[in-house]
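Chain by chain, the residues:
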Amino acid sequence: MSGLAIDKISMRFDLPDRSSVRALQDVSLDLKAGELMSVLGPSGCGKTTLLNIIAGFLAPTKGEIRLKGEKVTGPSAERGMVFQQGALFEWMNVRDNVSFGPKMKGIKSSETKEKVDHLLDIVGLQDFKEKAIYELSGGMQQRVALARCLANDPDVILMDEPLGALDALTREKMQSLVLKLWKETGKTIILITHSVEEALLLGERLIVMAPRPGRIHKEYSLPFADLGIEADLREIKKYADYAVKREEILEMIWNMEEDIMGRTEVEG
Amino acid sequence: MGVIASLFEELLTILKTFLTAIPYLAAYIGFILVTLLIWQRVKRSFAPKRDFASLKTITFGDESAVKSNFAASVISIIAVFVSWGAFTGSSTIPSFLHMPEAFVGKTNFTYTAQSVAGIRDDASVYVIVHGAGVNVILPEVDDGQGFAKNDVMAVKAYRTKLLKWDVNDEETREIGAKIVAINGQPIAFGTDVDLGDIKVALTQKGTLNIKPDKGIQMEPIWLPAPEDVWGRLKEISTEGFKNYTLLEHLGFSLFRVVIGFIFGALVGIPLGYAMGLSDWFRGWFDPVVEFMRPVPPLALIPLVIIWAGIGEVGKTILLFLAALWIMAIAARAGVSGVRISKVHAAYSLGASKWQVMRHVILPNSLPEIFTGARVAMGVCWGTVVAAELVAAEKGAGMMIMVASKFQQTDIVILGIILIGIIGFGIDMLMRWAERVLVPWKGRG
Ligand SMILES: Nc1ncnc2c1ncn2[C@@H]1O[C@H](COP(=O)(O)OP(=O)(O)OP(=O)(O)O)[C@@H](O)[C@H]1O
Ligand SMILES: [Mg+2]
């Protein structure tokens, strides 16, 4: 009961032209506390929609989400979100961004200072605490977003392509950081990504979704995330079974994308 | 048809005026290009420094390479003042820069009159051309010989004057005498005789029209010299103008703007927020705001005068209305422009509705509000001057309006310059406030 239950979620968007899109259909998943699950799938298969439902920004047309046995009805501090970009508050400096969550709970900044400092140390921003957001690089901004989420101590962390806008090198460093933080904090994490490599490296569990209607197509249990805590991520990419899995999933998504091209199915 | 014909005629006049301006425009552009060439020469020989911009091979079309050239600005401003001085004969610039000035002084010519009988006689005319505000006492002249008698006359510079040469002559126009030559040159109706300092023309009635040379300088009543304007500034800043000191005139205008703007912002910003946050309020006020936005505040002046008179209340209402819609629209745009991911982030960090409002929507709308405030202040400043032109007891606009009625062009020009400087100052102040208070503007 301590985990996250996704129970037969269906989501249907009614469009202004009276047609509708089945963004999700009967999606069910159970996440144990402390699990790191990555989600892959072709564009438009409902990944963001699923995450928004879990976060409580959208109410599903059918089904329900339960966290620790309690039904989710709206956004709350126990489900933190890391967005792709542009979700930081640029009118606050780095420190104020990170301490935003505790401040909203009415905790004095003097009491959170130590924790915020510690988190900023972990994400490597000890020298940028008083800097303005717009003075940071894209990778630094994502680290602030991560620290901000962690400072609030949520049970579940939801990430929608958090590293999508970063260059390869920064991205790799951030991947290691995510693994490290996952290990240290033991949070439940759902990570949406477009990179098959990233999904394989970070997810101890990986689901591949299929579009129209959005549903879970295949699920994997993977060893690489655990290995990645100790080893260099680039070493892991050389493992034989990593390469096999990568090719298999790439093929799968490739076929789905092929399928989508050329036909646009919208139900009336 | 009549309308189109008159429009066409109007257009033709405009085009003609424009055509006469083209040589001056070309000369001005030529001058700019010459200074550019000189500047490039000077720069190359004095500072062959290689900054980043000079290493760029492509500068044409690269807008980031175009920055305002400070030297060009300085030269441009100096050029304005020098030409102002040159065309007004200012004592602040060396006299060789002066444009040919209007003739002032004494001159004389001779006319040859012819009687009905065909007898000719010469007489001299002494002409005194004097500046405005100078009292001339005409000297006595002897009549001379013959039936044509000598004359003396005074003419104001830039003006012309008719000479009834026959009032003291024995042979008058009434009995058939007429003028046939000036300084020996034959004259007829329609052709001027150019004597250098003055021109003499024969009118249809047979009198002489004396036209002193106008030069190409501006008459002070059109454009006073810079030092005259400066002198006026000193004068009315100590002695005042129409019962109020200069500082009071400007201060009152500024005060009205600030009060009107503050009220406009106090009402407009909450209105904009309400419109941005609630579809009911949006629907309720959209027609009002969208209707009032394109109505220029100047068009409201008559109505406001009818309703509230010409006192402070009327002016404040007008400026309030000028600022209100701009601020409401800015606040609405600021609220609607918030990225949904920021709001989502705040909620999932545990913020309540009120906290999202206070910590996300409000600060996120500030850049838009500042932009609106800058626009509103500019519009208010323009509106207050216009309103004071129409009716006021004090204020910058009233000052130039009254001065123009008394043809005190120097005060008019002074007022325009001060109004410009203050408007510019307001804008700079707003920009500075924006930089300090919303440094994240445009960098979200
Ligand atoms: N607010 C909405 N209104 C209507 N349709 C929507 C809305 N949001 C999403 N959809 C539709 O739902 C489907 C799933 O969208 P979603 O954004 O979840 O896809 P995704 O998997 O996140 O895609 P991507 O990988 O490109 O981000 C799409 O077909 C999209 O058009
Ligand atoms: Mg998405």
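Residues numbered from 1 in each chain as written. Chains lettered and ligands numbered in written order. Predicted model: local features only at pLDDT ≥ 70, side-chain atom pairs only at ≥ 80, totals over all residues. Heavy atoms only, no water.

1. Side note on the packing of aromatic side chains
Applying the stated rule across the entire model yields nine aromatic pairs over all chains. Aromatic side chains B:Trp280 and B:Trp284 sit 6.4 Å apart centroid to centroid with 45° between the ring planes, which places their arrangement in the tilted category. Of this pair, B:Trp280 and B:Trp284 both sit in helix 6 (residues 279-292), four residues apart, which is roughly one turn of that helix. Among the residues examined, B:Trp284 registers a relative accessible area of 56% and is labelled exposed. Among the aromatic residues, those joined into a ring-pair cluster are A:Phe89, A:Trp91, A:Phe100 and B:Trp440. The residue whose ring lies beneath A:Arg148 is A:Phe89, and the NZ or CZ to ring-centre distance is 4.7 Å. Seen from the ring of B:Phe252, B:Lys394 lies directly overhead, with NZ or CZ sitting 4.5 Å from the centre. (Phe/Tyr/Trp six-rings, centres within 6.5 Å; stacked < 30°, edge-to-face > 60°. Helix = DSSP H or I, 4+ residues; strand = E, 2+ residues; numbered from the N terminus. Buried < 20%, exposed > 50% of the residue type's maximum accessible area, 1.4 Å probe, protein only. Lys NZ or Arg CZ within 6 Å of the ring centre and 35° of its normal.)

2. Thoughts on the site of ligand 1
Residues and elements named next belong to chain A. By nearness alone, 13 residues border ligand 1, and Ser 43, Lys 47, Thr 48, Thr 49 and His 194 come closest of all. The separation between an oxygen atom of ligand 1 and a polar main-chain atom of Gly 44 is 2.8 Å. Between ligand 1 and Cys 45 there is a distance of 3.2 Å, counted from an oxygen atom to a backbone nitrogen or oxygen. In the complex, the protein chains occlude 64% of the 630 Å² of accessible area that ligand 1 would expose alone. Looking at the shell around ligand 1, the elements that each hand over two or more residues are strand 2 (20-31) and helix 1 (47-55). Per-element accounting of the shell around ligand 1 gives the leading share, three residues, to helix 1. Looking at the shell around ligand 1 residue by residue, the class counts come to five nonpolar, six polar and two charged. (Near = heavy atom within 4 Å. Polar contact = N/O pair within 3.5 Å; in protein donor to acceptor, adjacent residues only side chain to side chain. Areas by Shrake-Rupley, 256 points an atom, 1.4 Å probe, with all protein chains shown as cover. Nonpolar A, V, L, I, M, F, W, Y, C, P; charged D, E, K, R; others polar.)

3. Concerning the sheet that holds strand 3 (residues 36-40) of chain A
Residues and elements named next belong to chain A. One open sheet holds the six strands; their spatial order is 6-7-8-3-9-10, and the pairing between them is mixed. Two strands lie at the open edges of the sheet, namely strand 6 (79-82) and strand 10 (215-221), each paired on one side alone. When strand polarity is set aside, the average angle formed by the axes of neighbouring strands in this sheet is 20°. Pairing between strand 3 and strand 8 (residues 188-192): four bridges, direction parallel. Bridged to Met 37 within strand 8 is Ile 190. Sheet contacts for helix 5 (residues 138-151): strand 6 and strand 7 (156-160); angle to strand 6, the most-contacted strand, approximately 175°. (Pairing = 2+ DSSP bridges. Axes fitted to C-alpha atoms, helices over the stretch in contact; angles between N-to-C directions. Contact = heavy atoms within 4.5 Å.)

4. Considering the domain arrangement of chain A
All names here are of chain A. Parsing chain A into structural domains produces domain 1 (1-20 + 31-78 + 155-255) and domain 2 (87-153). Each partner contributes residues to the interface: domain 1 has 15 residues there, and domain 2 has twelve residues. Approximately 1,100 Å² of surface area, both sides summed, lies buried where domain 1 meets domain 2, with 75% of it carried by carbon and sulfur atoms. Counting every contact that joins domain 1 to domain 2 gives one salt bridge. (Domains from an automatic or database assignment. Buried area = accessible area lost by both parts, 1.4 Å probe. Salt bridge = Lys/Arg side-chain N within 4 Å of Asp/Glu carboxyl O.)

5. A few points about the sheet that holds strand 5 (residues 178-182) of chain B
All names here are of chain B. Reading across the sheet, the five strands line up as 3-2-1-5-6 and stay open at both edges, with mixed pairing between neighbours. Looking at strand neighbours, the two that pair on one side only are strand 3 (151-156) and strand 6 (185-186), the edges of this open sheet. Both strand 1 (residues 105-114) and strand 2 (residues 120-130) contribute to a ladder of ten bridges, which runs antiparallel. Looking at strand 2, one finds that Asn 108 is bridged to Tyr 126.

6. Brief notes about the pairing of strand 4 (residues 62-67) of chain A
Residue and element names in this part refer to chain A. As defined by bridge partners, strand 1 (residues 4-14) adjoins strand 4 across five bridges and the pair is classed as antiparallel. Note on strand 4: the bridge partner recorded for Ser 10 is Lys 62. Relative to strand 5 (residues 70-71), strand 4 runs antiparallel, the two being bridged by two bridges. In the strand pairing of strand 5, Arg 66 is matched with Lys 71.

7. Focus: the nonpolar core
Ranked by internal contacts, the top residues of the largest apolar core, which has 62 residues, are A:Phe100, B:Phe261, B:Met327, B:Val360 and B:Trp381. Elements supplying a minimum of two residues to this core: helix 3 (100-104) of chain A together with helix 4 (226-239), helix 5 (246-277), helix 8 (312-336), helix 9 (340-348), helix 10 (353-390), helix 11 (396-405) and helix 12 (409-437) of chain B. With 13 residues, the single largest contributor to this core is helix 10 of chain B. Discounting chain neighbours no more than four positions away, the residues touching B:Met327 are B:Phe261, B:Gly264, B:Ala265, B:Gly268, B:Ile269, B:Ile369, B:Gly372, B:Ala373 and B:Ala376. (Core = buried A, V, L, I, M, F, W, Y, C linked by side-chain atoms within 4.5 Å.)

8. As for unusual backbone geometry
In this structure, the amide linkage connecting A:Arg212 to the following residue, A:Pro213, adopts the cis form with an omega of -10°. Relative to the elements of secondary structure, A:Pro213 occurs in the loop between strand 9 (205-210) and strand 10. With a phi close to 55°, A:Asp153 is a non-glycine residue in the positive phi region. Tracing the backbone shows A:Asp153 in the loop between helix 5 and strand 7. Even without a glycine there, the phi angle at B:Asn183 is positive, about 50°. Turning to its location among the elements, B:Asn183 is positioned in the loop between strand 5 and strand 6.

9. A closer look at the interface of chain B and chain A
You'll often see interface size given as the accessible area lost when the parts meet. At the interface, 20 residues of chain B touch 24 residues of chain A. Taken together, the two surfaces of chain B and chain A that pack against each other cover about 2,000 Å², and 68% of this comes from carbon and sulfur. Area buried by chain B at its contact with chain A is led by B:Ser348, B:Leu349 and B:His359, which between them contribute 33% of it. Scanning the region where chain B abuts chain A turns up one salt bridge. A salt bridge links B:Lys342 to A:Glu90, with the nearest nitrogen and oxygen atoms 3.0 Å apart.

10. What to know about the packing of helix 7 (residues 301-308) of chain B against helix 8 of chain B
Residue and element names in this part refer to chain B. Running from N to C, helix 7 and helix 8 point in directions that differ by 140°, and their axes come no closer than 9 Å. On the basis of the axis angle, helix 7 is oblique to helix 8. Crossing angle aside, the handedness with which helix 7 passes helix 8 is right-handed. Across the interface between the two elements, Ile 301, Val 304 and Ala 308 from helix 7 touch Val 313, Gly 314, Ile 317 and Leu 318 from helix 8. Residues belonging to the contact of helix 7 with helix 8 are distributed by class as follows: six nonpolar, one polar and no charged. (Parallel < 35°, antiparallel > 145°, perpendicular 65-115°, else oblique. Left-handed = near helix turned anticlockwise from the far one by under 90°.)

11. Focus on the packing of helix 5 of chain B against helix 12 of chain B
Residues and elements named next belong to chain B. Direction vectors running N to C along helix 5 and helix 12 enclose 45°, while the axes themselves pass 12 Å from each other. As far as their axial angle goes, helix 12 and helix 5 are oblique. The two elements helix 5 and helix 12 meet at a crossing, and its hand is right-handed. Facing helix 5, whose interface residues are Leu 246, Leu 250 and Leu 254, helix 12 presents Leu 418, Ile 422 and Ile 426. Here the contact of helix 5 with helix 12 is built from residues that sort into six nonpolar, no polar and no charged.

12. Points about the side chain of A:Glu172
All names here are of chain A. Structurally, Glu 172 can be placed in helix 6 (residues 168-185). Glu 172 gets classed as buried once you look at its relative accessible area, which sits at 16%. Sequence-distant contacts of Glu 172, defined by excluding residues within four places in its chain, comprise Leu 233, Arg 234 and Lys 237.

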